[in-house]
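The residues making up each chain are set out below.
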Amino acid sequence: MKYIRYFYFLGLYLAPILFIELAFQYIYRFDLLSRSWAWSGMVKPSLLPNGLPAKADYIYDSRWAGTPSESPSRGPVRLRTDKYGTILPSGLSRASKDTSSGYVLFCGGSTTESSSVSEGFRPADVFAKLSKQGAVNAGKSGKDMYGCIETIDGIFRLATKRPSRIVIATNVNTLMSFAQEKIRNQGSLSASVVKNSVKDSHLSADPLYSIKKYILQVFPGISRFATKLRIENSPYAEQEFGLISGCCHGASEVNRYSSNFDWNSDELKLEYAQHVENGLNQLKAVLLKHDFPAENVLIFKEPHSFSFKVWPSWPDYRQWLSDYNGRQLNSQESSQITDNFDELYANLFLNAGFKVLAFPEEKLSSEYFIDAVHLTSKGAFEIGKYYAQVISLLR
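Since the model is a prediction, treat every value here as computed from it, not as a measurement. (Residues numbered from 1 in each chain as written. Predicted model: local features only at pLDDT ≥ 70, side-chain atom pairs only at ≥ 80, totals over all residues. Heavy atoms only, no water.)

(A) Region of the structure containing the overall build of the chain. Along the backbone of the chain there are 14 helices and seven strands. Counting all 395 residues of the chain, 50% fall into the buried class. Long-range contacts, defined here as pairs at least 24 residues apart, represent 74% of the contacts in the chain between residues at least 6 apart. Summed over all atoms, the accessible surface of the chain reaches about 19700 Å², with 57% contributed by carbon and sulfur. (Helix = DSSP H or I, 4+ residues; strand = E, 2+ residues; numbered from the N terminus. Buried < 20%, exposed > 50% of the residue type's maximum accessible area, 1.4 Å probe, protein only. Contact = heavy atoms within 4.5 Å. Areas by Shrake-Rupley, 256 points an atom, 1.4 Å probe, with all protein chains shown as cover.)

See the structure below:
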């Protein structure tokens, strides 16, 4: 009888909970990735190097949903990928099958990815609509010039159809990856890492903390659903929580927690120049290997919003830079440092014989930006329109 009651308890209570957990893990499998102990095997890596997961389907809660002609509003934003990990509707699978014309490959980080912008209104999508050319969005948050070089090499190896032109937009993330590598080489941990380590050590003795951590591991699906539900009733969209904490512009983390380096140092600029030149040499080697003309590769210098004094109606999430002493720099100072490194980056490409594109500064608006560098739907539209106008003149 005791065993019968035991199995009755399992069937009545645990089985439904397990079923619900499995269902939520499946629904949120692309959010959970390896944290899903049931469905992580279903999330396939992209065929292309440095791509998003293959055939993914994300739904983001964004404050900046809607069309470019509308004022940004909170709502769901969808981001889907094909088997290559490129972003629909501007996916490589579709572009490779289209025999009517060539396509332009857009490779870059989160400004190219534009996950906060509604599907169909990202820069590559806008370019395709206005120019009537095929486009491939190979953007991925955090991807720098080295990541794009690997992606480009992968496309030449895997795709049945070569791009007619390639646009690389990685000045923001190339500076970020350089800074991160330099800080790692310094062997220093940020104060936030130390603080969190101390916090975890202190809380690990708390039984409630241990139970909560265990629940998150055993029931990641239900935990993710609870988080989504809590965010729905919050005044902030899901993507805003990172921005509130100072995420997601890598350069702004330099000197924030500890003294890393002096932005104005000539030695630092020489090191950055070498970092970019090493990538340039790799890019030229890949183009040579696949017999692709360098004149068909365009380098887009991503704009920033540091110089704007007046900000739109949404919160100002710009991630200001910090000096060596940890002082947060103002608008003019952050803008000047960013411009210095962007110009250095662009000039190295120009000197190597590449065409460099830059959106006219006088046409920029603060309404184009979510934060320091990420784009609203209006900003994504204007960048896509700029691509269409400039690339059409190069035919």
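Still to come is the rest of the account.
(B) Spotlight on the environment of K284. Residue placement: K284 occurs in helix α12 (residues 266–289). Separated by 68 residues in the primary sequence, K284 and A352 have C-alpha atoms spaced 9.3 Å apart. Setting aside residues up to four positions removed in sequence, K284 forms contacts with A352 and F354.

(C) How the structure looks around the pattern of salt bridges. Under the criterion given, the structure shown has 13 salt bridges. Linking D153 and K289 is a salt bridge whose minimum nitrogen-to-oxygen distance equals 3.0 Å. Separated by 136 residues along the polypeptide, D153 in helix α6 (residues 145–158) and K289 in helix α12 bring together distant segments of the chain. Look at K289 and you get exposed, because its relative accessible area is 55%. Between R327 and E333 there is a salt bridge, with the nearest N and O atoms lying 3.1 Å from each other. Given a relative accessible area of 42%, R327 falls into the partly exposed group. (Salt bridge = Lys/Arg side-chain N within 4 Å of Asp/Glu carboxyl O.)

(D) Summary view of unusual backbone geometry. Residue P89 is bonded to the preceding L88 through a cis peptide linkage, with omega at 5°. Locating P89 in the fold gives a position in the loop between β2 (73–80) and α3 (92–97). Look at the link from C247 to C248: it is a cis peptide, with omega at 25°. Note on placement: C248 falls in the loop between α11 (240–244) and α12. The backbone of S114 shows a phi angle near 50°, a positive value even though the residue is not glycine. Accessibility expressed as a relative area gives 3% for S114, which makes it buried.

(E) Highlighting the state of the cysteines. Across all of its chains, the model carries two disulfides by this definition. Here C107 engages in a disulfide with C148; their sulfurs sit 2.2 Å apart. Taking the torsion about the S-S bond as the criterion, the C107 to C148 disulfide, at about -105°, is left-handed. Highlighted residues: C107 in strand β3 (residues 103–108) and C148 in helix α6, separated in sequence by 41 residues. An identical accessibility class is assigned to C107 and C148; each is buried. Across a sulfur-sulfur distance of 1.9 Å, C247 and C248 are joined as a disulfide pair. Sign of the S-S torsion, about 100° for the bond between C247 and C248, identifies this disulfide as right-handed. (Disulfide = S-S within 2.5 Å.)

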